[in-house]
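Inside the fold
Each chain, letter by letter, is given below.
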Amino acid sequence: MTATTEHESEEYSGLRGFAARWLFTTNHKDIGTLYLLWSLLMFFVGGAMAMLIRAELFQPGMQVVDPYFYNQMITMHALVMIFGAVMPAFVGLANWMVPLMIGAPDMALPRMNNWSFWLLPFASLMLLSTVFLPGGGPSGGWTLYPPLSLQMGDAFPFLIFSIHILGISSIMGAINVIATVLNMRAPGMSLMRMPLFVWTWLITAYLLIAVMPVLAGGITMLLTDQYFGTTFFSAAGGGDPVLFQHIFWFFGHPEVYIMILPAFGILSEIIPTFARKPLFGYSSMVYATASIAFLSFIVWAHHMFTAGMPLAGELFFMYATMLIAVPTGVKVFNWVATMWRGAMTFETPMLFAVGNVILFTIGGFSGVMLAIAPADFQYHDTYFVVAHFHYVLVSGAVFSIIAAVYYWLPKWTGHMYNESVGKTHFWLSVIFLNVLFFPQHFLGLAGMNRRIPDYAVQFADWNMVSSLGGFGFGVSQLLFLYVIIRCMRGGKRAEARAWEGAKGLEWEVPSPAPHHTFDTPPRIETAGH
Amino acid sequence: MSEASGGYYVPHGSHWPIIGSIGLTTMLVGVSGYLQGADWGMWASLIGALVLLYMVFGWFTDVIKEGVQGYYNNQVDASFRWGMIWFIFSEVMFFGAFFGALLYARTLSIPWLSGADVATNQVLWDGVSLGWPTAGPSQRAEEFTPMGPWPLPTINTLILLTSGVTLTWAHHALKENRRLALIGFMWATVALGTVFIGFQAYEYYEAWTHLNLKLSTGMYGSTFFMLTGFHGLHVVIGTIMLLVIALRCMWGHFTPDGHFGFEGVAWYWHFVDVVWLGLYVFVYIL
């Protein structure tokens, strides 16, 4: 072990060493760090686009950008945040934490792991480059519905192929997680002893492998419709534009859970730590996660209630969607029951986790409202939908990622972050998030359409409030950047068990975690949760 | 670092992934440029494809070398197995998208256009009635002859099924250490795969020149060519993989109880086989 470490420090000196370490790495911690840093960068790129959107919507009328560029911004904001920020952040967390949590020396397929990451920057840059090509970037919304998406400029094939590469990257990452969890667990780490973050990621990886290829198939059909004369999505040839919507949402709805299940796992790690109680209902959490994953495959057309479907379809997808509230309710109940009579403290990760539970639940409730087909006829494509999915994605997925970063930063860097800045970051984020998104419920119910750069004057006041919240939320995230950089550069030394109530294997190794951990398999005698 | 210490094996760093990223991106940027009529498009895609090929060749060479030198313990072997299984599952889902499109067109969109949904029929093409196969209701749709199951697709079905059998015989020979039979059956499998590709190419030629059946022949042409095309591509890849495995059998890379390379390729070949059976039923017969 010591010999290896010395050998490495020699190997990694100088520019060649730097390249060898970060370009050729097979180390799950290095790759996890790369994923997390890249997703942080993309979070700010996508965030800058959101700032532009909110600036344009600050007042009615056209002020800041032209409508066509506005449409590109809403499309790219979604694509960058989903494929560039949230998904890679979760993969980064999985890379760092899954081997540590199950007592594995590394991921199962370390070289493929490297490739999964190193496809990501190339594909992300290819995606971003579309904005600068003649005819501009994609502007028909991230769902890429034909025939609108087929009318974009030169960037069309660049868009399609960049999504293909992102998909390949995700699939390889997911295969790696599954192989790691199924094959690399330390002796004694039985499936039902695994931490919930590992469980949720195992199920997420299954979803990824099941649906990313379907998206690849759908966008391939778009490509051949555009360039090779096929008519999958054209009624003139017997095809149907709605077919694309079915294919897209067969991917798109599980994709939603791909972005929230790991978040559930993170909450299930953090809440017991700071409530100083074991997680309530461990096995029901596992089964609830699996149920959500199963249901995610049979609810896709609730995104298409207004696209024209037979009544039986409307009813089926309505009831199936409502069913998801049951396992999700189980989870929320379990988190609350875990906190019940716990010796709770509210460090930054816990603040974000508790905020996450409450705000995600609001997003879940508006989701049940949207699931009601006749009501959805009114809500569809309004700001109510925008408010709904930002509550689940920002205060659900993004908050959980932020919580996870605060929770595990001491393990990654060996330093404690600045708690008071962290708490300030939380309170600013949570206040501005609600100022930003809550009024959008009102706007939507009052009839404001999504994906428009201008609106009737009756919507002016709440839009201004929302934009102010947006700017505040955006600026607050600079605190997050500050905390991370400060923590990477130094700070109070973190102990191996950085949090008093933390259980689990990752807290058994020193902070920072050595470059190689568990060269010999640890023996697990009790459950880590 | 690359040594197995304490029972675990973590491979050393590799430059192949980053070369693969550069190759794949260059190739797809090139194809994108080509599709938009840029002069550099074809060259960029060719260069990218060569880089990608170089990566595939180099990466597999490294892995084969390490495998032959005995670096891979049982745990690594199991990781490879899980990886291959889930890769094949992702492929199944990819084909699922195209089968789903076929199913949707035949059971929903075409009947709707033909009047099962009265409004769709009246608003879009009043009075049109379409069966299957169809090139769609458009005036521009040309006459074409559909591709029936007889004779070529049926012969191809028999060829693929036979290749599955010869491959299994080869596997048994490998496990029983009968080298001559192993190598013979492997080459027989490669030959069957190659004949399949040849027949499929001939079928495409026939379709294009004599049956007026093209990619642009409406929903029928779209699903026919995309399904059989992606399948054909997989057969080509599978045959190349079988070829490499046949050579590796001759070089003596496999032992009766250590031959994941062989088994992974065999799984892939059986997957290609099963997809074909789906095609035979849903594209050619029904």
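As the structure is a prediction and not an experimental result, all values here were calculated from the model. (Residues numbered from 1 in each chain as written. Chains lettered and ligands numbered in written order. Predicted model: local features only at pLDDT ≥ 70, side-chain atom pairs only at ≥ 80, totals over all residues. Heavy atoms only, no water.)

1. Quick word on the overall build of chain A
Across its full length, chain A carries 17 helices and zero strands. Against the 2.2 N^0.38 benchmark of 24 Å for 529 residues, chain A shows a C-alpha radius of gyration of 23 Å, consistent with a compact globule. Overall, chain A is about 70 × 50 × 45 Å in size when its C-alpha atoms are taken along their principal axes. A total of 529 residues make up chain A; the buried ones form 65% of that total. Across chain A, the fraction of contacts at a sequence separation of at least 24, relative to all contacts at a separation of at least 6, is 82%. (Helix = DSSP H or I, 4+ residues; strand = E, 2+ residues; numbered from the N terminus. Rg over C-alpha atoms; globule rule 2.2 N^0.38 Å. Buried < 20%, exposed > 50% of the residue type's maximum accessible area, 1.4 Å probe, protein only. Contact = heavy atoms within 4.5 Å.)

2. Description of the nonpolar core
In this structure, A:Phe83, A:Trp408, B:Met186 and B:Phe262 are the most contacted members of the largest nonpolar core, which totals 268 residues. Considering every element that reaches this core, the biggest residue donor is helix H4 (residues 67-102) of chain A, with 24 residues. Among the domains, domain 1 (8-72) and domain 2 (73-285) of chain B are the pair contributing at least three residues each to this core. Residues A:Ala375, A:Tyr379, A:Phe384 and A:Val385 belong to the second largest nonpolar core, which totals five residues. (Core = buried A, V, L, I, M, F, W, Y, C linked by side-chain atoms within 4.5 Å. Domains from an automatic or database assignment.)

3. Quick look at the confidence of the model for chain B
Residues and elements named next belong to chain B. Averaged over every residue, the pLDDT of chain B is 92; residues scoring 70 or more account for 96%. Confidence, expressed as mean pLDDT per element, reaches its minimum in chain B at helix H4 (residues 118-124) with 88 and its maximum at helix H7 (residues 218-250) with 97. Complex prediction metrics read pTM 0.95 and ipTM 0.95. (pLDDT = per-residue confidence, 0-100.)

4. Section: the interface of chain A and chain B
Of the residues lining the interface, 72 residues belong to chain A; the matching set on chain B comes to 65 residues. In total, about 5600 Å² of surface goes out of reach between chain A and chain B, with carbon and sulfur atoms giving 74% of it. On the chain A side of the contact with chain B, A:Arg111, A:Trp115 and A:Asn183 bury the most area, a combined 13% of that side's loss. Taken together, the connections running from chain A to chain B amount to one salt bridge. A salt bridge links B:Glu66 to A:Arg111; its shortest N-O distance comes to 2.8 Å. Inspection of the region where chain A meets chain B yields 17 residue pairs in polar contact (both at pLDDT 80 or more). For the side of chain A that touches chain B, the secondary structure elements donating two or more residues are helix H1 (2-11), helix H5 (110-129), helix H6 (156-183), helix H7 (196-227) and helix H8 (241-258) of chain A. Residue classes in the side of chain A that touches chain B are distributed as 48 nonpolar, 18 polar and six charged. (Buried area = accessible area lost by both parts, 1.4 Å probe. Salt bridge = Lys/Arg side-chain N within 4 Å of Asp/Glu carboxyl O. Polar contact = N/O pair within 3.5 Å; in protein donor to acceptor, adjacent residues only side chain to side chain. Nonpolar A, V, L, I, M, F, W, Y, C, P; charged D, E, K, R; others polar.)

5. Some remarks on the side chain of A:Ser366
Residue and element names in this part refer to chain A. Here serine 366 is to be found in helix H13 (residues 348-371). A polar contact is formed between the side chain of serine 366 and the backbone oxygen of glycine 363, at a distance of 3.0 Å. In contact with serine 366, other than residues within four places in its own chain, are Phe384, His388 and His441.

6. Structural notes on unusual backbone geometry
All names here are of chain A. Proline 512 follows serine 511 through a cis peptide bond whose omega is -5°. Mapping proline 512 onto the fold places it in the segment after helix H17 (460-489). You will see that arginine 276, though not glycine, has its phi angle at about 55°, which is positive. On the secondary structure map, arginine 276 appears in the loop between helix H9 (261-275) and helix H10 (282-296).

7. Describing helix H3 (residues 74-116) of chain B
At B:Ala105, H3(B) shows its largest kink, close to 45°. The residue sitting at the N-terminus of H3(B) and contributing the capping side-chain oxygen is B:Asn73; that oxygen lies 3.1 Å from the backbone nitrogen of B:Gln75. (Bend = angle between axes of the 7 residues up to and from the residue.)

8. A look at a nonpolar patch on the surface
Residue and element names in this part refer to chain B. A grouping of Tyr34, Met42, Trp43, Leu46 and Ile47 is seen on the molecular surface, where their side chains present a nonpolar patch of about 570 Å² in accessible area. Take the nonpolar patch: its biggest share by element is four residues, from helix H2 (residues 40-68). Residue position: leucine 46 is located in helix H2. Leucine 46 gets classed as partly exposed once you look at its relative accessible area, which sits at 42%. (Patch = residues over 30% accessible without salt bridge, like charges linked within 9 Å, V, L, I, M, F, W, Y side chains within 5 Å. Areas by Shrake-Rupley, 256 points an atom, 1.4 Å probe, with all protein chains shown as cover.)

9. Some remarks on the environment of B:Met55
Counting through the fold element by element, B:Met55 comes out in helix H2. With a relative accessible area of 4%, B:Met55 lands in the buried category. Remark: the alpha-carbon pair of B:Met55 and B:Ser21, spanning 34 residues in sequence, is separated by 9.3 Å. The residues touching B:Met55, leaving out its near neighbours within four places in the chain, are A:Trp115, B:Trp16, B:Ile19 and B:Gly20.

10. Focus: the side chain of A:His390
Along the chain, A:His390 falls in helix H15 (residues 383-413). Classification of A:His390 by relative accessible area gives buried; the value is 14%.

11. Observations concerning the pattern of salt bridges
For the structure on display, the rule yields eight salt bridges over all chains. Because the salt bridges share partners, they merge into one network encompassing B:Asp77, B:Arg81 and B:Glu263.

12. Considering the packing of H5(A) against H6(A)
Residues and elements named next belong to chain A. At a closest axis distance of 8 Å, the pairing of H5 and H6 adopts a crossing angle of 160°. If you check the angle between H5 and H6, you find them roughly antiparallel. Where H5 crosses over H6, the two elements pack in a sense that is left-handed. Contact residues: Met112, Asn113, Trp115, Ser116, Leu119, Leu120, Ala123, Ser124, Met126 and Leu127 in H5; Phe158, Leu159, Phe161, Ser162, Ile165, Leu166, Ile168, Ser169, Met172, Gly173, Ile175 and Asn176 in H6. A class-by-class count of the residues in the contact of H5 with H6 yields 15 nonpolar, seven polar and no charged. (Axes fitted to C-alpha atoms, helices over the stretch in contact; angles between N-to-C directions. Parallel < 35°, antiparallel > 145°, perpendicular 65-115°, else oblique. Left-handed = near helix turned anticlockwise from the far one by under 90°.)

13. Observations regarding H13(A)
The first and last C-alpha atoms of H13(A) sit 34 Å apart over 24 residues, in line with the 34 Å expected at 1.5 Å per residue. Counted residue by residue, H13(A) has 18 buried out of 24 residues, so it is predominantly covered. (Expected span 1.5 Å × (residues − 1).)

14. Some thoughts on the domain arrangement of chain B
All names here are of chain B. Structurally, chain B comprises domain 1 (8-72) and domain 2 (73-285). Here the C-alpha centre of domain 2 lies 25 Å away from the C-alpha centre of domain 1. Regarding the contact of domain 1 and domain 2, the summed buried area is about 600 Å², with carbon and sulfur atoms giving 69% of it. At the junction of domain 1 and domain 2, the tally comes to zero salt bridges. In terms of residue class, the side of domain 1 that touches domain 2 is built from six nonpolar, no polar and no charged.

15. What about the environment of B:Gly115?
Residue and element names in this part refer to chain B. Within the secondary structure, glycine 115 sits in helix H3. Looking at glycine 115, the relative accessible area reads 28%, which means it is partly exposed. Considering only alpha carbons, one finds glycine 115 and aspartate 126, 11 residues apart in sequence, at a separation of 8.5 Å.

16. A short note on the environment of A:Trp201
Residues and elements named next belong to chain A. Here tryptophan 201 is to be found in helix H7. Under the relative-accessibility criterion, tryptophan 201 is labelled buried at 2%. Along the sequence, tryptophan 201 and phenylalanine 264 sit 63 residues apart, while their C-alpha atoms lie 9.7 Å from each other. Of note is the side chain of tryptophan 201, whose polar atom sits 3.2 Å from the backbone oxygen of phenylalanine 90.

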